[in-house]
Amino acid sequence: MAYTGSAHVLQIHPTRLCNLRCQHCYSSSSPQERTMLDASVLCSAISDAASEGFNVLGVSGGEPLLYKPLPEVLAHARQLGMRTTVTSNGMLFTERRLRELQPLVHLIAISLDGIPASHNRIRGSERAFETMQAHLPMLRASGIDFGFIFTLTQHNLDELEWVAQFALQEGAKLLQIHPLEEVGYAAQQLRGKTPDATEGAYAWYWGQKIQEQVGPGLTVQVDLAFSDTIKNHPMLQALPPGTTSDTRRFAELVSPLVIEADGAVSPIQYGFAPWFSMGNLQRAPLSALLSQWRTQRWPHFQRLCQQVHTKIADTTEPYFLNWYDVLGREALGVLPVARAVNA
Amino acid sequence: MDHQSTRGSDKLKAVCTSVATLTPQQISQVAGGVSLTPIWWIRGTPHPFERLVDPGALTLPVDKLGMPGLR
């Protein structure tokens, strides 16, 4: 499993349609993509997820603002008591759209990939930064809390302080630093650019120093796990001995749960190893998919988590790592073993 | 300096002496000396909620190695 504290996250990608085609996009979204999920399918899945204990809805994409039923989906989640976030490139805000979203969203996260020149290069648009920045006063005026997500590569840690100062000046509440993963377009266009352990260590340190510098008004979140923390908390990656998955709600077994724009449901992250997929919402409701997965795949998934935990715990030198990326890579290697077990 | 091929940390070290004096091993020592919040953050999903509950959870006594403050 992946431990996300008391927040059990359902991440949805309602569409892969986007006004940009970013080099690091893990969902390979673009203006040419038309894959989109029907709002009724999504709302039904959100209801099922809420009954399984998921209490946070994260909407990603594609560009969520291009998904017309977005307010309907968010309102449904809020009615079920879920907290909601939307990840956007920040270029398509309008006053009307923000008025719709204001009562429905706890936080909007805007992608910001470095200084303006870097941001525009990665986003393939000479006006991406300028347009996003021009919309920030409107976002502030809406009263919706917002933050920025900075994708860390092997080569851009030196731009983080600029990003933090920009976030502070613009009134952001959150700066999330997330390491690049070579999935989707990034696998083709940014191969070899994933930050290694050395960059991870400096990123973690620099994130803490920037947090000290900016103060509590802006939360700096570095999406890296520390190997010693994992080693010292074995309960985080497996159920306690003597308990079974039957007695737990699904959100306690797997978080995040991811719904992709074509209806595929995956554990942990977009594009997770297909053998661990829960199935597709176009074929069965989420409750049925999770029920089947619990009996057929959960034991293998738990074993996968234990294997990864053991590998990390066995390393002598502590280091920083992207838990999801490590788990995802390890999952790809599980396939032959899992097939053999099922045979 | 080729911006596209140089490590970000090397470029940072070139302008920030407090980082330049640190090794990854020293940083791990610092991290090992504090209680990190054991939460695995999520790709594409901002996740501020845990932190908002306990905003001091990640306040770090990074002076364990006598490190200087920001430049």
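The structure this text deals with has already been given above.
Attention in this report is confined to the structure presented alongside it. The structure displayed is predicted, hence computed values, not measured ones. In this numbering scheme, every chain counts its residues from 1 along its sequence in written order. Working convention: letters from A go to chains and numbers from 1 go to ligands, in the order in which they are written. Under the rules for a predicted model, residues below a pLDDT of 70 receive no local features and side-chain atom pairs below 80 are neither given nor counted, while totals for whole chains, interfaces and linings still include all residues. The side-chain values count all of the structure's non-hydrogen atoms but skip hydrogen atoms and water molecules.

Every helix listed is a DSSP run of H or I at least four residues long, and every strand listed is a run of E at least two residues long, numbered separately from the N terminus. Assigned secondary structure in chain B consists of four helices and zero strands. In this analysis, two residues are considered to be in contact whenever any of their non-hydrogen atoms come within 4.5 Å of each other. Counting contacts in chain B only where the partners sit at least 6 residues apart, residues at least 24 apart contribute 50% of the total. Accessible area of chain B: about 3400 Å², with a carbon and sulfur share of 54%. Per-residue and other accessible areas were derived by the Shrake-Rupley procedure at a 1.4 Å probe size, with only the shown protein chains allowed to occlude residues.

Residue and element names in this part refer to chain A. Taken N-terminus to C-terminus, the directions of helix α1 (residues 39-51) and helix α2 (residues 70-79) make an angle of 15°; their axes are 10 Å apart at the nearest point. The angle between α1 and α2 places the two elements in the roughly parallel class. Every pair of crossing elements has a handedness; the one defined by α1 and α2 is right-handed. The segment α1 lies against α2, with A39, L42, C43, I46 and S47 engaging E72, V73, H76 and A77. Each residue is assigned to one class: nonpolar for Ala, Val, Leu, Ile, Met, Phe, Trp, Tyr, Cys and Pro, charged for Asp, Glu, Lys and Arg, and polar for all the others, Gly among them. A class-by-class count of the residues in the contact of α1 with α2 yields six nonpolar, two polar and one charged. Angles shown run from 0 to 180 degrees and are taken between the N-to-C directions of axes, each axis being a line fitted to C-alpha atoms and, for helices, limited to the stretch in contact. In this scheme, roughly parallel covers angles under 35 degrees and roughly antiparallel covers those over 145, while 65 to 115 is roughly perpendicular and the rest are oblique. Two helices cross in a left-handed way if the nearer one is turned anticlockwise from the farther one by less than a right angle. They cross in a right-handed way if the turn is clockwise.

Soluble globular proteins: nonpolar side chains tend toward being buried together. As used here, the term nonpolar core means buried Ala, Val, Leu, Ile, Met, Phe, Trp, Tyr and Cys residues forming a set that is joined through side-chain atoms within 4.5 Å. Note on classification: 1.4 Å probe, protein chains only; a residue is buried when its accessible area is under 20% of the maximum for its type, exposed when over 50%, partly exposed between these limits. Counting residues in hydrophobic clusters, the biggest one holds 107 residues, and the most contacted among them are L10, L57, I108, F148 and F301 of chain A. Among the elements that make up this core, the one with the highest residue count is helix α8 (residues 197-214) of chain A (eight residues).

So, about α2 of chain A. Residues lying three or four places apart along an α-helix face the same way, a consequence of the helix completing one turn every 3.6 residues. Residues and elements named next belong to chain A. Within α2, the full set of buried residues consists of L70, P71, V73, L74, H76 and A77. Against β1 (9-12), α1, β2 (56-59), β3 (83-88) and α3 (95-101) lie the buried residues of α2. Just downstream of α2 lies G81, where phi reads positive at about 85°.

Another aspect to go through is the sheet that holds strand β9 (residues 257-259) of chain A. Residue and element names in this part refer to chain A. Strands pair, by our definition, only if DSSP identifies at least two bridges between them. With respect to topology, ten strands assemble into an open sheet ordered β7-β6-β5-β4-β3-β2-β1-β9-β10-β11, the strand pairing being mixed. Only two strands of the sheet have a single partner each, and these edge strands are β7 (219-222) and β11 (279-280). Taken together, the four bridges between strand β4 (residues 107-111) and strand β5 (residues 146-152) define a ladder with parallel strand orientation. Bridging from a neighbouring strand, I108 pairs with F146 of β5. Contacting β4 and β5, helix α5 (residues 128-142) runs over the sheet at an angle of about 150° to β5. Helix-sheet contacts for α8 involve β5 and β7, and the interaxial angle to β7 is about 175°.

Strand residues, when the strand is regular, have side chains that alternate between the two faces of the sheet. All names here are of chain A. The buried fraction of β4 amounts to five of the five residues, a majority that puts the element mostly inside the structure. Burial along β4 is two-sided: the face carrying L107, A109 and S111 and the face carrying I108 and I110 are both buried. In the sheet, β3 pairs with β4 via four bridges, with the strands oriented parallel. Within β4, the position partnered with T85 by the bridge is L107. Note that the unit made of β3, α3 and β4 has a crossover that is right-handed. By convention a crossover is right-handed if, when the strands point away from the viewer, the path from the first strand over the helix to the second runs clockwise.

A separate point is empty space enclosed by the protein. Residue and element names in this part refer to chain A. Lining residues are those with an atom within 4 Å of a point, where the points come from a 1 Å grid over the protein atoms alone and group into cavities, where a 1.4 Å probe fits but cannot get out, or pockets, open sets with protein on both sides within 12 Å along at least five of seven lines. Grid points are joined across faces, edges and corners, and a volume is the space filled by probe spheres set on the points. The final tally for this structure, using the stated rule, is three cavities of 30 Å³ or more. Quantified by volume, the largest cavity comes out at close to 440 Å³. In terms of lining residues, the largest cavity is bounded by 27 residues, among which H24, C25, Y26, S111 and R123 are the most central. Mapped onto the lining of the largest cavity, the elements with two or more residues apiece are β3, β5 and β6 (174-179). Considering only residue class, the lining of the largest cavity consists of eight nonpolar, 13 polar and six charged.

This part is about the state of the cysteines. Residue and element names in this part refer to chain A. The definition used for a disulfide is geometric: two cysteine sulfur atoms within 2.5 Å. Summed over all chains, the structure comprises zero disulfides over all chains. The thiol sulfur of C18 is not disulfide-bonded, and the nearest other cysteine sulfur, from C22, lies at 5.9 Å. Exposure remark for C18: the relative accessible area of 10% places this residue in the buried category.

Now for the packing of aromatic side chains. The geometry of an aromatic ring pair comes down to the distance between the two centres and the angle between the two planes. Residues and elements named next belong to chain A. Pairing of aromatic side chains requires ring centres within 6.5 Å, counting the rings of Phe and Tyr and the six-membered ring of Trp. Pairs whose planes differ by under 30 degrees are stacked, by over 60 edge-to-face, and all others tilted. Per the counting criterion, the structure on display carries 15 aromatic pairs over all chains. Pairing F276 with F301 gives two aromatic rings, centres 5.9 Å apart and planes at 70°, and the pair type is edge-to-face. With F276 in the loop between β10 (264-267) and β11 and F301 in helix α12 (residues 298-314), this pair connects stretches of sequence that are 25 residues apart. F276 sits in the buried class, given a relative accessible area of 0%. Each residue in the set F250, F272, W275, F276, W293, W298 and F301 is aromatic and connected to the rest through ring pairs, giving one cluster. Over the ring of W275 we find R297; its NZ or CZ atom is 3.7 Å from the centre of that ring. Definition used: whenever NZ (Lys) or CZ (Arg) falls within 6 Å of the ring centre and also within 35 degrees of the ring normal, the charge is taken to sit over that ring.

All names here are of chain A. Within the secondary structure, S142 is located in helix α5. Taking C-alpha positions, S142 is 40 Å from I230, a pair spaced 88 residues apart along the chain. Among all residues touching S142, those that are not within four sequence positions of it are L98 and Q102. Within the structure, S142 has its side chain in polar contact with the backbone oxygen of L139 (distance 2.5 Å). A 3.5 Å cut-off defines polar contacts: any pair of N or O atoms within that distance qualifies, except that in protein one atom must be a possible hydrogen donor and the other a possible acceptor, and neighbouring residues in sequence count only when both atoms are side-chain atoms.

This paragraph deals with the pairing of β6 of chain A. Residue and element names in this part refer to chain A. For β6, the tally of buried residues reaches six of six residues, placing the bulk of the element in the interior. Of the strand pairs in this sheet, β5 and β6 are connected by six bridges, and their pairing is parallel. Opposite T151, over in β6, you have H178 as the bridge partner. Each parallel crossover has a hand, and for β5 linked through helix α6 (residues 160-170) to β6 it is right-handed. Pairing geometry for β6 and β7, over four bridges, is parallel. The residue of β7 that forms the bridge with L174 is T219.

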